[in-house]
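So you can see what is in the structure, the chains are spelled out below.
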Amino acid sequence: MAMRMRIAIVGSGGVGGYFGGRLAEAGADVIFLARGAHLDAMRARGLRIVSPNGDVHLPRVQAAGDTRDIGPVDVVLFAVKLYDTPGALSSLRPLIGADTIVVPLQNGVDSVAMIEQAVGAEHTGGGTCYVSAVIAEPGVIRHTVMDHLIFGERDGTRSPRLDALRQACSRAKFKATLSDHVNADIWAKFVRLSVMSGMTTVTRSPLGVVCTDPVLFEMLKEAVREALAVAGATGVAVRATTVEDAARAFRELPPQTKSSMLEDLERGRRLELPWLSGAVVRIGEEVGVATPTHRFIATVLRPFVNGDARGPKPSAGR
């Protein structure tokens, strides 16, 4: 009989709420760490997922506001926004048992090092995901497109603890890959997400607008070239990814697809910009690669990085 894993979701927003909800639906022992109205709603009414892959309502879920109320688990899926990482890292210790592994599902390429510093190398895995999901309202996750979870040990070994997670995911309604090259997978996601986030947010437009406008689409491809060059200069071989591969993948997504950074801008929230286009620029400077497109994106979005309320809003008479 397959082991029933105890999984903590640290950061139960769109990403954590979606994958955690699917795992709970499939029978895994899932505990959600949340806060505020979202926590209150999950405690009172459970969790709902609205998805083109099938809606789900879990009338009762385990939800906590403090990791000390959870205790040690087998796996932590770490899915907080990057700007909330320092506080979330300080709360991880109560979740760590003898063989616990923390799998980051965050954007960017900085998470693994930060988690290792907080809990130690033996408790740090690698991970990334492809999903578009947001909190539609407290206790409700709206999933739009993509649902692929990728995770692995950083040395490429196939460990029992992550094979058990793979088995748990196989019973859930999403795609999961146990990778033997997870660092390359993290960078592959970073290349594409930094571009999609930057281009949709700087244009205030869904992906279809960017992909159907010839000038914007060339700008998108140039941003891909820059990010791939940065990856290569750091010694990471982003497998089977070229500019044309990435461009084709963007065109195959639904035209209404928005990045989470654009969703945050539209709601006047903080942006993960410093860890996306900002990181392409920062790492590019470190390795001697010019990144003018990402520098433009990072520069013009600076006024909104801390959640400036002057983000796009409908105006009367327009």
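### Regarding the packing of helix α6 (residues 182-203) against helix α8 (residues 214-233)
Look at α6 against α8: their axes get within 9 Å of each other, and the N-to-C directions meet at 145 degrees. In this structure, α6 meets α8 at a crossing whose hand is right-handed. The residues of α8 that touch α6, namely those facing Trp187, Val191, Ser194, Val195, Met199 and Thr203, are Leu216, Met219, Leu220, Ala223, Val224, Ala227, Leu228, Val230 and Ala231.

### Examining unusual backbone geometry
The phi angle at methionine 146 is positive, at roughly 65 degrees, despite the residue not being glycine. Structurally, the position occupied by methionine 146 is in strand β9 (residues 140-152). Given a relative accessible area of 24%, methionine 146 falls into the partly exposed group.

### Things to note about the side chain of threonine 67
Mapping threonine 67 onto the fold places it in the loop between β5 (62-64) and β6 (73-78). Those residues within four positions of threonine 67 in sequence are excluded, and the remaining contacts are Leu33, Ser91, Pro94 and Leu95.

### Focus on the packing of aromatic side chains
Following the criterion strictly, the structure yields 3 aromatic pairs and no others. Residues tyrosine 18 and phenylalanine 19 carry aromatic rings whose centres are separated by 5.5 Å and whose planes lie at 75 degrees to one another, so their mutual orientation is edge-to-face. Considered together, tyrosine 18 and phenylalanine 19 belong to a single accessibility category, that of buried residues. With centroids separated by 5.4 Å and ring planes inclined at 85 degrees, the aromatic side chains of tryptophan 187 and phenylalanine 190 adopt a geometry described as edge-to-face.

### Topic: the pattern of salt bridges
All told, the structure shown has 21 salt bridges when counted by the stated rule. Here arginine 154 makes a salt bridge to glutamate 116, at a shortest N to O gap of 2.8 Å. You can see arginine 154 sitting in the loop between β9 and α5 (160-170) and its partner glutamate 116 sitting in helix α4 (residues 111-119), a full 38 residues away along the chain. For aspartate 163, the salt bridge identified is with arginine 158, shortest N-O distance 3.3 Å.

### A look at the nonpolar core
Ranked by internal contacts, the top residues of the largest apolar core, which has 43 residues, are Trp187, Leu220, Val224, Val238 and Phe250. Those residues in contact with tryptophan 187, other than ones at most four positions away along the chain, are Val109, Val230, Ala231, Thr234, Val236, Val238 and Ile283. Counting 38 residues, the second-largest nonpolar core is a separate cluster that includes Leu23, Val131, Leu162 and Ala172.

### Remarks on helix α2 (residues 36-45)
Regarding α2, the residues found buried are His38, Leu39, Ala41 and Met42. On an axial view of α2, the arc spanned by its buried residues comes to 165 degrees, and they lie on one face. Exposed residues on α2 whose side chains face more than 90 degrees from its buried face are Arg43 and Ala44. Packed against the buried residues of α2 are β2 (29-33), β3 (47-50), β5, β8 (126-137) and β9. Looking one or two places after α2, you find glycine 46, whose phi comes out positive at around 80 degrees.

Rules behind the numbers
Residues numbered from 1 in each chain as written. Predicted model: local features only at pLDDT ≥ 70, side-chain atom pairs only at ≥ 80, totals over all residues. Heavy atoms only, no water. Axes fitted to C-alpha atoms, helices over the stretch in contact; angles between N-to-C directions. Helix = DSSP H or I, 4+ residues; strand = E, 2+ residues; numbered from the N terminus. Left-handed = near helix turned anticlockwise from the far one by under 90°. Contact = heavy atoms within 4.5 Å. Buried < 20%, exposed > 50% of the residue type's maximum accessible area, 1.4 Å probe, protein only. Phe/Tyr/Trp six-rings, centres within 6.5 Å; stacked < 30°, edge-to-face > 60°. Salt bridge = Lys/Arg side-chain N within 4 Å of Asp/Glu carboxyl O. Core = buried A, V, L, I, M, F, W, Y, C linked by side-chain atoms within 4.5 Å. Arc of directions from axis to C-beta.

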